[in-house]
Amino acid sequence: MKRLTSLIRKEFYHIFRDKRTLLILFGMPVVQILLFGYAITNEIKDAHIAILDQSNDEVSRRLTDKLVASGYFLPDGQAESIGDVEQLFKEGRIKMAVVVEPDFADKLQHEGGASVQLLADATDPNMANTLVNYATAIIQNFQLELNQPGQPPILVGAEVRLQYNPSLKGVFLFVPGLITILLMLVSAMMTSISIAREKETGTMEVLLASPMNPGQVIIAKVVPYFSLAFLDAVVVLLLGRYVFGVPIMGSVPLLLAEIMLFIIMALSLGILISTVAQTQQTALLLSLMGLMLPTILLSGFIFPIENMPLPLQIISHIIPARWFIVIEKAIMLKGVGIAYFWKETLILIGFTVFFIGVSIKKFNVRLG
Amino acid sequence: MRIILYLIQKEFLQIFRNKTNLPILFVMPVLQLIVLSYAADFEIKNLKVYWMDNDQSSASRQLYRDLMASGYFTIAGTGFDHAEAAAALDKNEADLVVEIPAGMEKKLVRKEPQQLQVIVNAIDGTKAGLANYYFGRILGDYNQREVAALQMRVVAGGQPTARQVINVESSFWFNPELNYKTFMVPGILVLLVTMIGAFLSSMNIVREKEIGTIEQINVTPIQKYQFVIGKLLPFWLLGLMVLSIGLIVAKVVFNIPFVGSVGLIYAFSAVYLLLILGFGLLISTLTDTQQQAMFLAWFFLVVFILMGGLFTAIENMPGWAQTITLFNPIRYFIEFVRLVMLKGAGWQETRFFFAVIFAYALLLNGLAILNYKKTA
C-alpha cells in the first residue's frame with residue numbers, strides 16, 4: 001500500500017510540474033462551456049434572405065414586411081431577377097429567396113389566388129427545410145389575417161408547455177454533451193498517452209522491473225487522471241448551473257456516482273488503447289481520430305439518434321458516450337431516479353469490465 | 001535543395017516504418033466518412049405522441065387521423081391518466097403529450113374556443129421547436145377545414161365568404177431532394193483532413209524535442225526554413241492523399257455531385273493544408289511535450305469543429321461569436337467546398353476565400369519559423 005501511494009505521488013508530480021498542461025486542463029472546459037453555451041444554438045435568427053418583389057404593391061409589401069418583422073429573416077442583397085438570386089446563392093450570401101409574382105394584390109383580389117415562391121439553398125438541407133417551414137407558417141398567418149380581419153383566426157388553440165427546458169436553450173443539451181466529451185478526452189486520451197510515453201522513453205521497463213506488480217503500476221497511473229477528470233466535470237456542472245442555469249433536478253450524489261463510473265470506463269478504455277500503442281503518436285491517433293468524431297456525432301449530443309438510419313442506430317450502441325448522455329439528461333433535466341436508467345448504468349459497467357478484461361489479456365510484462 | 005530532400009526522405013521513413021499508424025491514417029478516415037455521414041439527419045420524423053382524448057367525439061378522432069396522416073407523428077400510447085402521460089415523457093417513450101378537453105366538439109359547435117393541452121419534451125430545443133411547429137400547422141389546417149365545416153352545418157345557410165388564397169411554392173436549389181448527405185459528406189471530409197493534418201504536425205517537432213533528437217538536428221548546418229519545409233511536405237502530401245481518397249469515396253459511395261471544378265478544390269486544399277500544418281507546427285514549437293501539444297491542438301480543433309458551420313449554422317450565432325468564426329479555418333473550407341462542389345462556383349466567386357486562407361497560411365507558418373529556435 002505504501003508503495004502504491006508513493007507511486008501515485010510520483011504520477012501527481014508528473015502532472016503538477018507541467019504547469020501548462022494543468023492550465024489547459026482546467027482552462028479548456030471553462031472556455032469551451034462559456035463559448036459554446038453562448039454561441040451554439042439551432043434557433044433560427046436573422047437568416048439572410050433576398051426578397052424579389054416583382055409586384056411591389058401594398059399587399060406584397062405588407063407580406064414581406066411581416067416576414068422581416070418576424071426576426072427570423074434579414075434581407076440582404078439586391079435581386080432584380082432570378083439570375084441575381086442564383087448569383088447571391090453562389091456567393092453564399094443568402095440562404096433563401098422570396099419571390100412574389102407580378103400583380104400580386106390584383107390577382108388576390110380578382111382571381112382569388114396568387115403565389116409566392118420560396119427558393120431555398122438546400123446545400124444545407126436542415127436549414128433550408130426549417131427556413132421554408134417558418135416562412136410558410138408566416139405566410140399562412142398572413143393569409144388568415146387577409147381573410148378575417150379583426151376576428152380571432154383560430155378556434156381550436158393549443159396551450160403548449162415545454163417540459164424540462166421551457167426556454168428551449170441549446171445549452172441544456174451542451175452541458176451534458178460537453179461533460180461527456182471532456183471526460184472521454186481527459187480519461188481515455190491522457191492515460192493512453194501517459195502509459196505510451198513511459199514505453200517510448202523507456203521508463204516503463206524500470207517500473208516493470210521494480211517490485212511493483214503491473215496492476216499497481218497501472219492503478220497508480222490512472223488515479224491522478226481520475227481525480228482530474230472528476231474535478232473537470234464538477235467545474236463544468238457548476239458553470240452550467242450558475243452561469244447558464246442548467247438545473248440538476250435529480251440527486252446530485254447519484255449524478256456524481258454515474259460520472260465516476262463513466263470516468264472509470266473511459267480510463268479502462270485508455271488502458272486498452274495503451275496496450276496496443278507503442279508510441280504516443282499511435283496512442284494519440286487511436287484515441288483522438290478514433291474517438292473524437294464518433295463521440296460527437298453518434299452519441300446523440302448533436303444529432304438525435306432516433307433519426308439515424310437503423311444500421312447507424314445499431315452502431316451507436318457501442319459508443320459508451322451515448323448511454324452516459326441518456327443518464328445525465330435523465331438526472332439533470334428530468335430529475336428521475338435510477339429506476340429509469342439502470343439499464344444504461346449496467347451497460348457502462350459492462351463496457352468497463354470488458355475493457356479491463358481485454359487489457360489484462362493483452363498486457364505484456366515484457367516489452368518488445 | 002538536397003538537404004530538404006534528405007529531410008523529407010527521413011520523415012517518410014519515420015512515417016512508413018510505423019506499421020500501426022498507417023492503417024489508422026488511411027482506413028479510419030474512410031470508415032468514419034462512410035459511417036458518420038449518415039448520422040446527421042435533422043429531419044425530424046416519427047415524433048411519438050401520447051394521446052389523451054377526453055372528448056371521444058368524431059371531431060377529436062378526426063384530429064387524431066390528421067396527425068397520423070401527416071407522417072411526422074407516431075402513436076406512443078393512449079390513456080386518460082396524467083401520471084401515466086408524465087411517466088411516458090420521463091422514460092422517453094413519448095416526445096409529446098396531447099390532451100383533448102372533454103366536450104370539445106359540443107362547445108365548438110356553440111363557437112366556444114377550445115384549448116388543447118400539449119406538453120413537449122424540450123430537452124432537445126430543435127426537436128421540440130419542430131414538434132411544436134408541425135403540430136401547429138396540422139391544427140391550423142384542421143381549424144380551417146373541420147371546425148369551419150362543423151359550424152357551417154349548424155348555421156344553416158351560412159354564406160361562405162370569398163377567400164383569398166396565397167399559394168406558397170417552395171423549391172430547394174442545388175439539392176432538390178434535400179439529401180443531407182450532400183451536405184455532410186464534404187463537411188466531414190474537411191474535418192477529417194483537418195484533424196489528420198493538425199494532429200500529426202503538432203506532435204511532430206515536439207516529439208523530436210521530447211526524445212532529444214532535435215539537438216542532433218540543431219547542430220547540423222540545416223537552416224530553419226529547410227527543417228520546417230522538410231517537416232511540412234510529407235504531411236502535406238499525406239493530407240492530399242487522404243483528401244483524394246475521400247473525394248473518391250464521396251463520388252463512388254455517396255454519388256455526391258461535383259458541379260464545380262475538381263482542380264479548384266485541389267488548389268484550395270493545397271493552400272488550406274499549408275495553413276493547417278502551419279497551425280500544427282506553431283503549436284509544436286510552443287510546447288515542450290507531446291501531451292501539451294496534443295491538448296492544445298485538441299482544444300482548438302473542438303472549437304473549430306463545433307463552430308465551423310457544419311453542425312450549427314453560423315448565422316444563428318450571436319455577433320461576437322460570428323466574429324470569432326472569422327478566425328476559424330474550417331469555416332472557410334466548408335463554405336468553399338459547398339460553394340464549389342454543389343453550387344458550381346468558380347474562381348470569380350471564391351477569390352476571397354483563397355486570399356484569406358493564403359494570408360492566414362503565411363502568417364501561421366511565418367510565426368512557426370520565427371518561433372523555432374535552433375537552441376534547445
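Residues numbered from 1 in each chain as written. Chains lettered and ligands numbered in written order. Predicted model: local features only at pLDDT ≥ 70, side-chain atom pairs only at ≥ 80, totals over all residues.

Quick word on the overall build of chain A
And step 1. Scanning chain A from terminus to terminus reveals 14 helices and five strands.
And step 2. Counting only C-alpha atoms, chain A reaches 95 × 45 × 40 Å along its principal axes.
And step 3. Burial analysis of chain A (368 residues in total) assigns 46% to the buried set.
And step 4. For chain A, the share of sequence-separated contacts (at least 6 apart) that also reach a separation of at least 24 residues comes to 78%. (Helix = DSSP H or I, 4+ residues; strand = E, 2+ residues; numbered from the N terminus. Buried ≥ 20, exposed ≤ 12 C-beta atoms within 10 Å, placed from the backbone. Contact = placed C-beta atoms within 7 Å.)

Side note on the overall build of chain B
And step 1. For chain B, the count of helices and strands is 14 helices and five strands.
And step 2. For 376 residues, the compact-globule formula gives about 21 Å, and the C-alpha radius of gyration of chain B, at 29 Å, lies well above that figure.
And step 3. In terms of overall dimensions, chain B has C-alpha extents of about 100 × 50 × 40 Å along its principal axes.
And step 4. Expressed as a percentage of its 376 residues, the buried residues of chain B come to 45%.
And step 5. Restricting to contacts in chain B with at least 6 residues of sequence separation, those with at least 24 account for 81%. (Rg over C-alpha atoms; globule rule 2.2 N^0.38 Å.)

With respect to the pairing of strand β3 (residues 96-100) of chain A
Residue and element names in this part refer to chain A.
And step 1. Counting buried residues in β3 gives five out of five residues, a clear majority hidden from the surface.
And step 2. Of the two faces of β3, the one lined by Met96, Val98 and Val100 and the one lined by Ala97 and Val99 are each fully buried.
And step 3. Of the strand pairs in this sheet, strand β1 (residues 47-53) and β3 are connected by five bridges, and their pairing is parallel. What sits directly across from Ile49, in β3, is Met96.
And step 4. Alignment of β3 against strand β4 (residues 113-121), held across five bridges, turns out to be antiparallel. (Pairing = 2+ DSSP bridges.)

Some details on helix α7 (residues 171-201) of chain A
Since there are 3.6 residues in each turn of an α-helix, residues three or four apart along the chain are aligned in direction.
And step 1. Under the 1.5 Å per step criterion, the end-to-end length of α7(A) is 42 Å for 31 residues, consistent within 8% with the ideal 45 Å.
And step 2. Positive phi appears at Gly202(A), one or two residues downstream of α7(A), with a value of about 90°. (Expected span 1.5 Å × (residues − 1).)

Considerations on helix α14 (residues 347-371) of chain B
And step 1. For α14(B), which comprises 25 residues, the first-to-last C-alpha distance of 34 Å matches the rise-based estimate of 36 Å (1.5 Å per residue) to within 8%.
And step 2. Within the sequence span of α14(B), burial applies to Thr350(B), Phe353(B), Ile357(B), Tyr360(B), Ala361(B), Leu364(B), Asn365(B) and Ala368(B).

Things to note about unusual backbone geometry
Residue and element names in this part refer to chain A.
And step 1. With a phi close to 50°, Asn56 is a non-glycine residue in the positive phi region.
And step 2. Looking at Asn56, the number of C-beta atoms within 10 Å reads 12, which means it is exposed.
And step 3. Although it is not a glycine, Asp103 sits at a positive phi angle of roughly 55°.
And step 4. With respect to the helices and strands, the residue Asp103 is situated in the loop between β3 and α5 (104-111).

Here's the deal with the interface of chain B and chain A
When the parts of a complex come together, some accessible area is lost, and that lost area is often used as the size of the interface.
And step 1. Counting from both sides, the interface comprises 101 residues of chain B and, opposite them, 100 residues of chain A.
And step 2. Those elements that place two or more of their residues in the side of chain B that touches chain A are α2 (21-36), α4 (82-90), β4 (114-121), α6 (125-154), β5 (165-173), α7 (181-211), α11 (290-306) and α13 (329-343) of chain B.
And step 3. The element that contributes the greatest number of residues to the side of chain B that touches chain A is α6(B), accounting for 15 residues.
And step 4. In terms of residue class, the side of chain B that touches chain A is built from 56 nonpolar, 29 polar and 16 charged. (Nonpolar A, V, L, I, M, F, W, Y, C, P; charged D, E, K, R; others polar.)

Side note on the environment of Gln54(A)
Residues and elements named next belong to chain A.
And step 1. Tracing the backbone through its elements, the reader meets Gln54 in the loop between β1 and α3 (58-69).
And step 2. According to the C-beta neighbour criterion, Gln54 is partly exposed, with 13 such atoms within 10 Å.
And step 3. For Gln54, the contacting residues outside a window of four places in its chain are Val100, Glu101 and Pro102.

Some remarks on the packing of helix α2 (residues 19-39) of chain A against α7(A)
Residue and element names in this part refer to chain A.
And step 1. Packing of α2 against α7 brings their axes to within 10 Å, and their N-to-C directions diverge by 155°. In terms of their interaxial angle, α2 and α7 are classed as roughly antiparallel. Crossing handedness for the pair α2 and α7: right-handed. Residues Leu25, Pro29, Gln32, Ile33, Phe36 and Gly37 of α2 pack against Val171, Phe174, Leu178, Leu182 and Val186 of α7.
And step 2. Among the residues making up the contact of α2 with α7, the classes are represented as nine nonpolar, two polar and no charged. (Axes fitted to C-alpha atoms, helices over the stretch in contact; angles between N-to-C directions. Parallel < 35°, antiparallel > 145°, perpendicular 65-115°, else oblique. Left-handed = near helix turned anticlockwise from the far one by under 90°.)

Some words on the packing of helix α1 (residues 2-17) of chain B against helix α9 (residues 224-252) of chain B
A pair of packed helices is characterised by two quantities: the angle between their axes and the separation of those axes.
All names here are of chain B.
And step 1. α9 packs onto α1 with a crossing angle of 40° between their chain directions and a minimal axis gap of 8 Å. Viewed along their axes, α1 and α9 adopt a mutual orientation that is oblique. Considering only the axes of α1 and α9, their crossing is right-handed. Residues Ile3, Ile4, Leu7, Ile8, Glu11, Phe12 and Ile15 of α1 pack against Gln226, Phe227, Ile229, Gly230, Lys231, Leu233 and Pro234 of α9.
And step 2. Split into classes, the residues belonging to the contact of α1 with α9 amount to ten nonpolar, two polar and two charged.

What about the pairing of strand β3 (residues 96-100) of chain B?
All names here are of chain B.
And step 1. Within β3, five of the five residues are buried, which leaves the element mostly enclosed by the surrounding structure.
And step 2. Of the two faces of β3, the one carrying Leu96, Val98 and Ile100 and the one carrying Val97 and Glu99 are both buried.
And step 3. The pairing of strand β1 (residues 47-53) with β3 spans five bridges and is classified as parallel. Residue pairing across strands places Met52 opposite Glu99, the latter belonging to β3.
And step 4. In terms of strand pairing, β3 meets β4 through four bridges, oriented antiparallel.

Quick notes on the environment of Val99(A)
Residues and elements named next belong to chain A.
And step 1. With respect to the element layout, Val99 can be found in strand β3.
And step 2. C-beta crowding within 10 Å serves as the criterion here: with 20 such atoms nearby, Val99 is assigned to the buried category.
And step 3. Val99 sits twelve residues away from Glu111 along the chain, and the two C-alpha atoms are 19 Å apart.
And step 4. In this structure Val99 touches Leu52, Gln117 and Leu119, once residues within four positions along its chain are discounted.

Focus: the confidence of the model for chain B
And step 1. Chain-level statistics for chain B give a pLDDT mean of 82 and a share of 92% at 70 or above.
And step 2. Interface confidence for the predicted complex, given as ipTM, is 0.75, next to a pTM of 0.77. (pLDDT = per-residue confidence, 0-100.)

Some points on the confidence of the model for chain A
And step 1. Of all residues in chain A, 92% have pLDDT values of 70 or greater, and the mean over the chain is 82.
And step 2. Within chain A, helix α10 (residues 252-276) of chain A carries the highest mean pLDDT (91), whereas strand β5 (residues 156-163) of chain A carries the lowest (69).

As for the environment of Val185(B)
Residues and elements named next belong to chain B.
And step 1. For Val185, the location among the structural elements is in helix α7.
And step 2. Using a count of 28 C-beta atoms within 10 Å as the deciding quantity, one classes Val185 as buried.
And step 3. For the pair Val185 and Val120, spaced 65 residues apart in sequence, the C-alpha separation works out to 32 Å.
And step 4. In contact with Val185, other than residues within four places in its own chain, are Leu33, Ser37, Ala250, Phe254 and Ile256.

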